[in-house]
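# Structural characterization, general
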Amino acid sequence: MTIIQNGPATQASTGTTWEPICAYTDLLPERGAAALVGGHQIAIFRTFDGRLFAVGNRDPYSGAYVISRGIVGTRGEEPVVAAPMHKQPFSLTTGVCLDDPATALPIYPVRVARGTVEVRVA
């Protein structure tokens with residue numbers, strides 16, 4: 001698993017802190033990467049259509065930090081990642097498990113600024 005250590009944070013005009021993760025081009029479509037942001041492991045995904053998603057990397061079913069290694073796809077029009085250990089599908093937009101709506105991954109705002117992928121830190 002690749003863990004990306006982030007660099008210094010940038011402050012937006014609204015007071016929101018964004019952590020730089022990596023260059024957008026470093027993320028392979030339909031593959032995940034893990035980053036340590038503010039003490040939290042985050043899984044970041046770039047889909048074939050170029051969209052970015054950031055969710056918690058901890059699988060709530062197994063407790064392992066493996067979501068970034070999951071299988072990316074869709075269920076209907078919903079972009080999902082299937083957890084690699086037990087294959088539960090999680091929405092990349094809401095974090096909710098599609099087979100068990102009571103279980104969800106945390107989601108994080110993600111953007112590209114000047115070619116760099118950034119995740120917002122609370």
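To start, this report covers the structure provided alongside it. All values reported here derive from a predicted model rather than from experimental measurement.

Cut-offs applied
Going along each chain's sequence as written, the residues are numbered from 1 onward. A pLDDT threshold of at least 70 governs which residues receive local features in this predicted model, and a stricter bar of 80 or more applies before side-chain atom pairs are shown or counted, although totals over entire chains, interfaces and linings include all residues. Water and hydrogen atoms were dropped before computing side-chain values, which therefore reflect all heavy atoms in the structure. Helix and strand assignments come from DSSP, with helices taken as H or I runs of at least 4 residues and strands as E runs of at least 2, each series counted from the N terminus. Per-residue accessibility, obtained with a 1.4 Å probe over protein chains only, is compared with the maximum for each type, and a residue is labelled buried under 20%, exposed over 50%, and partly exposed between these values. Values of accessible area rely on a 1.4 Å probe in the Shrake-Rupley scheme; residue burial ignores everything except the protein chains shown. Two N or O atoms count as a polar contact when they lie within 3.5 Å, although within protein this holds only if one can serve as hydrogen donor and the other as acceptor, and sequence-adjacent residues are included solely when both atoms are side-chain atoms. In summary, the pairing rule links any two rings of Phe, Tyr or Trp, Trp by its six-membered ring, whose centres are within 6.5 Å, and it sorts them by plane angle into stacked for under 30 degrees, edge-to-face for over 60 and tilted for everything else. For two strands to count as paired, DSSP must find a minimum of two bridges between them. Should a side-chain nitrogen of Lys or Arg be within 4 Å of a carboxyl oxygen of Asp or Glu, the pair is scored as a salt bridge.

Moving on, we get to the overall build of the protein chain. A tally of helices and strands in the protein chain yields zero helices and 14 strands. The helix and strand sequence of the protein chain, counted from the amino end, reads β-β-β-β-β-β-β-β-β-β-β-β-β-β. Looking at the 122 residues of the protein chain, the share that counts as buried comes to 41%. As presented, the protein chain carries roughly 6400 Å² of accessible surface, and 53% of it is formed by carbon and sulfur atoms.

Tracing the backbone shows Thr47 in the loop between strand E5 (40-46) and strand E6 (52-56). Of note is the side chain of Thr47, whose polar atom sits 2.4 Å from the side chain of Asp49.

A word on the packing of aromatic side chains. One pass over the full model with this rule turns up one aromatic pair. Residues Tyr61 and Phe90 carry aromatic rings whose centres are separated by 6.2 Å and whose planes lie at 45 degrees to one another, so their mutual orientation is tilted. Pair noted here: Tyr61 is in the loop between E6 and strand E7 (71-75) and Phe90 is in strand E9 (residues 89-91), with a separation of 29 residues, a long-range link.

Before going further, it helps to spend a moment on the pairing of strand E11 (residues 100-104). Bridge count between strand E10 (residues 96-97) and E11: two bridges; the pairing is antiparallel. Among the inter-strand pairings, Val96 is bridged to a residue of E11, identified as Ala104. The antiparallel pairing of E10 with E11 creates a hairpin that spans two residues between the two strands.

Once that is clear, we can look at the pattern of salt bridges. Side chains that differ in charge, positive against negative, can pair when their charged atoms come close. One pass over the full model with this rule turns up three salt bridges. Here Arg51 makes a salt bridge to Asp49, at a shortest N to O gap of 3.0 Å. Residue class for Asp49 comes out exposed when judged on its relative accessible area of 53%. Note that Arg75 and Asp99 form a salt bridge whose closest N and O atoms lie 3.0 Å from each other. Taken as a pair, Arg75 in strand E7 and Asp99 in the loop between E10 and E11 lie far apart in primary sequence, 24 residues in all.

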